[in-house]
Amino acid sequence: MALINAVTTAESPAETLGPLLASFNFKVDVPLTSDEVEALATWARGLRPVFVEDDQERAIGLLNEVMVDVPMQPHISDHGLGPHLHYGRPGAGLVDRVRANTAVALAFVLCEYGGGRLGVCADAGCERVYADISRGPRRRYCSKTCLNRNTVAAYRARRSVPQGEGPA
């Protein structure tokens with residue numbers, strides 16, 4: 001999600017992608033090359049339709065289509081972070097590692113929670129995607145900021161209707 005949102009909403013993905021990936025424990029040589037930035041942007045734009053799709057079967061089909069070209073070789077690694085899974089081939093470059101990890105993570109969300117848990121923010125001015133992995137599937141906004149902005153707007157709209165003139 002963060003990768004998709006960075007590519008589709010950041011003013012300068014080239015400046016934000018390196019720090020973003022580092023925050024998710026990817027070993028990143030900063031600055032990223034223009035080829036890496038373009039490959040990651042293309043990958044992120046290719047994943048976005050999975051979040052937009054309302055039909056779970058079609059969302060699964062879309063993800064399966066993009067995963068076909070991802071070189072994967074799951075293996076356990078321990079490089080100071082404790083044993084954990086890597087999904088890209090050992091020694092894979094940054095782009096292939098990101099593609100493998102994001103594809104598998106999105107597949108886990110689809111399989112574990114269903115396609116109804118993926119979406120695009122309901123705020124009219126926001127295009128960010130989200131994955132709702134909470135216990136109760138009620139999320140419609142990408143962040144508390146968008147949720148609060150819409151809650152306040154709805155409250156103000158209700159308050160602006162004179163008493164007795166609201167919906168019955």
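Residues numbered from 1 in each chain as written. Predicted model: local features only at pLDDT ≥ 70, side-chain atom pairs only at ≥ 80, totals over all residues. Heavy atoms only, no water.

1. Quick notes on the packing of helix 4 (residues 56-67) against helix 5 (residues 94-113)
- Helix 5 packs onto helix 4 with a crossing angle of 160 degrees between their chain directions and a minimal axis gap of 11 Å. Taken together, helix 4 and helix 5 sit at an angle that is classed as roughly antiparallel. Crossing angle aside, the handedness with which helix 4 passes helix 5 is left-handed. Residues Q56, A59, I60, L63 and M67 of helix 4 form the contact with helix 5, whose participating residues are A103, L106, A107 and L110.
- Across the contact of helix 4 with helix 5, the residue classes tally to eight nonpolar, one polar and no charged. (Axes fitted to C-alpha atoms, helices over the stretch in contact; angles between N-to-C directions. Helix = DSSP H or I, 4+ residues; strand = E, 2+ residues; numbered from the N terminus. Parallel < 35°, antiparallel > 145°, perpendicular 65-115°, else oblique. Left-handed = near helix turned anticlockwise from the far one by under 90°. Contact = heavy atoms within 4.5 Å. Nonpolar A, V, L, I, M, F, W, Y, C, P; charged D, E, K, R; others polar.)

2. Remarks on the layout of surface pockets
- The calculated volume of the largest pocket comes to roughly 840 Å³.
- Every residue lining the largest pocket is counted, 33 residues in all, and those nearest its centre are F24, F26, N101, T102 and A105.
- Put simply, the parts of the chain that give the lining of the largest pocket at least two residues each are helix 1 (2-9), helix 2 (13-23), helix 3 (34-52), strand 2 (84-88) and helix 5.
- Element by element, the count of residues in the lining of the largest pocket is highest for helix 5, at seven residues.
- A class-by-class count of the residues in the lining of the largest pocket yields 21 nonpolar, nine polar and three charged. (1 Å grid on protein atoms, 1.4 Å probe; cavity = no way out; pocket = protein on both sides within 12 Å on 5 of 7 lines; lining within 4 Å. Points joined across faces, edges and corners; volume = space filled by probe spheres on them.)

3. A word on the pattern of salt bridges
- Applying the stated rule across the entire model yields seven salt bridges.
- Of the charged contacts, one joins R149 and D123 as a salt bridge, the two residues approaching to 3.3 Å between their closest N and O atoms. Taken as a pair, R149 in helix 6 (residues 144-160) and D123 in the loop between strand 3 (118-120) and strand 4 (129-131) lie far apart in primary sequence, 26 residues in all.
- The network of salt bridges with common partners includes R89, D96 and R99. (Salt bridge = Lys/Arg side-chain N within 4 Å of Asp/Glu carboxyl O.)

4. Brief notes about the nonpolar core
- L17, L63 and L118 are the most contacted members of the largest nonpolar core, which totals 36 residues.
- Those elements that provide at least two residues to this core are helix 1, helix 2, helix 3, helix 4, helix 5 and strand 4.
- Counting five residues, the second largest nonpolar core, distinct from the first, contains C121, C126, Y141 and C142. (Core = buried A, V, L, I, M, F, W, Y, C linked by side-chain atoms within 4.5 Å. Buried < 20%, exposed > 50% of the residue type's maximum accessible area, 1.4 Å probe, protein only.)

5. Here's the deal with the environment of G115
- With respect to the helices and strands, the residue G115 is situated in the loop between helix 5 and strand 3.
- C-alpha separation for the pair G115 and R158, spaced 43 residues apart in sequence, amounts to 33 Å.
- The residues contacting G115, other than those within four sequence positions of it, are Q56 and L110.

6. Description of the pairing of strand 2
- In this structure, strand 1 (residues 72-77) lies alongside strand 2, joined through four bridges in antiparallel fashion. Within strand 2, the residue paired with M72 across the bridge is G88.
- Following strand 1, the chain reverses through six residues before pairing antiparallel with strand 2; G80 in that reversal takes a positive phi of roughly 95 degrees. (Pairing = 2+ DSSP bridges.)

7. Considerations on the side chain of E53
- Within the fold, E53 resides in the loop between helix 3 and helix 4.
- We classify E53 as buried; its relative accessible area is 18%.
- A polar atom in the side chain of E53 sits 3.0 Å from the backbone nitrogen of D55.
- Contact partners of E53, with chain neighbours within four places excluded, come to R58, A59 and L62. (Polar contact = N/O pair within 3.5 Å; in protein donor to acceptor, adjacent residues only side chain to side chain.)

8. Focus: the side chain of N5
- One can find N5 in helix 1.
- Every residue in contact with N5, bar those within four places of it in the chain, is listed here: A10, R128 and V129.

9. Observations concerning helix 2
- What helix 2 keeps buried is the set L17, G18, L20 and L21.
- In the core, the buried residues of helix 2 are packed alongside helix 1, helix 3 and helix 5.
- Following helix 2 by one or two positions, N25 adopts a phi angle in the positive range, close to 65 degrees.

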